[in-house]
Amino acid sequence: MFRRFFNNFFINPFIIANKSWLRYSQKIAMQMLDKMEQMKISQKQLAERMNCSQQYISKILKGKENLSLETLTKIENALDIQILTPETASA
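The notes below deal with the structure included here. Just so it is clear, the structure is predicted and the values come from calculations on it, not from any experiment.

1. A few points about the overall build of the chain
The secondary structure content of the chain amounts to six helices and zero strands. The N-to-C order of helical and strand elements in the chain reads α-α-α-α-α-α. When the 91 residues of the chain are sorted by exposure, 26% land in the buried category. Relative to all contacts within the chain whose residues are 6 or more apart in sequence, the contacts with residues 24 or more apart total 51%. In the structure as shown, the chain presents an accessible area of about 7,100 Å², 55% of it carried by carbon and sulfur atoms.

2. Quick look at the packing of helix 3 (residues 43–50) against helix 4 (residues 54–61)
As a packed pair, helix 3 and helix 4 sit with axes 8 Å apart at the nearest point and diverge in direction by 105°. As judged from the angle between their axes, helix 3 and helix 4 are roughly perpendicular. Contacts between helix 3 and helix 4 involve Gln 43, Lys 44, Leu 46, Ala 47 and Met 50 on the former and, on the latter, Gln 54, Ile 57, Ser 58, Ile 60 and Leu 61. Of the residues assigned to the contact of helix 3 with helix 4, the class counts are six nonpolar, three polar and one charged.

3. Describing unusual backbone geometry
With phi around 60°, Asn 51 is a residue other than glycine that occupies positive phi space. Assignment of secondary structure puts Asn 51 in the loop between helix 3 and helix 4. What makes Asn 51 exposed here is its relative accessible area of 68%. Notably, Asp 80 is not glycine yet its phi reads approximately 55°, a positive angle. Position of Asp 80 relative to the elements: it lies in the loop between helix 5 (69–79) and helix 6 (86–90).

4. A few points about helix 4
Helical geometry: 3.6 residues make up each α-helical turn, so side chains three or four residues apart lie on a common side. Within helix 4 the residues assigned to the buried category are Ile 57, Ile 60 and Leu 61. Buried residues of helix 4 fall within an arc of 95° about the axis and therefore sit on the same side. Directly beyond the C-terminal end of helix 4, a positive phi value near 75° is found at Gly 63.

5. A short note on the side chain of Ser 25
Structurally, Ser 25 is set in helix 2 (residues 13–39). Judged by relative accessible area, which is 4%, Ser 25 ranks as buried. A distance of 3.3 Å separates the side chain of Ser 25 from the backbone oxygen of Gly 63, its partner in a polar contact.

6. Re the packing of helix 3 against helix 5
Two numbers describe how helix 3 lies on helix 5: the axes approach to 9 Å, and their chain directions differ by 115°. Relative to helix 5, the element helix 3 is oriented roughly perpendicular. Considering only the axes of helix 3 and helix 5, their crossing is right-handed. On the side of helix 3, the interface is formed by Leu 46, Arg 49 and Met 50, while helix 5 contributes Thr 71, Lys 74, Ile 75, Ala 78 and Leu 79.

Rules used in this analysis
- Residues numbered from 1 in each chain as written.
- Predicted model: local features only at pLDDT ≥ 70, side-chain atom pairs only at ≥ 80, totals over all residues.
- Heavy atoms only, no water.
- Helix = DSSP H or I, 4+ residues; strand = E, 2+ residues; numbered from the N terminus.
- Buried < 20%, exposed > 50% of the residue type's maximum accessible area, 1.4 Å probe, protein only.
- Contact = heavy atoms within 4.5 Å.
- Areas by Shrake-Rupley, 256 points an atom, 1.4 Å probe, with all protein chains shown as cover.
- Axes fitted to C-alpha atoms, helices over the stretch in contact; angles between N-to-C directions.
- Parallel < 35°, antiparallel > 145°, perpendicular 65-115°, else oblique.
- Nonpolar A, V, L, I, M, F, W, Y, C, P; charged D, E, K, R; others polar.
- Arc of directions from axis to C-beta.
- Polar contact = N/O pair within 3.5 Å; in protein donor to acceptor, adjacent residues only side chain to side chain.
- Left-handed = near helix turned anticlockwise from the far one by under 90°.

In structure tokens:
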């Protein structure tokens, strides 16, 4: 009971950090969707290019995946886009 009261009235630092990476994940998903539309490729085709499942691409495109550097690099290569920049790498 106390825990629920506490969580309702105080902000958990983990939630704030989580919202921060979720924001980036959503921006990346939008960038991917725009490029996929431009290239006229499906989730299945992107999955083949990235050597992963279509289900994983679907999760990424929902903007709720915590993406690894390896996955970000695969996205960049598959879609010929730049996600990681010197500015984001030093932040």
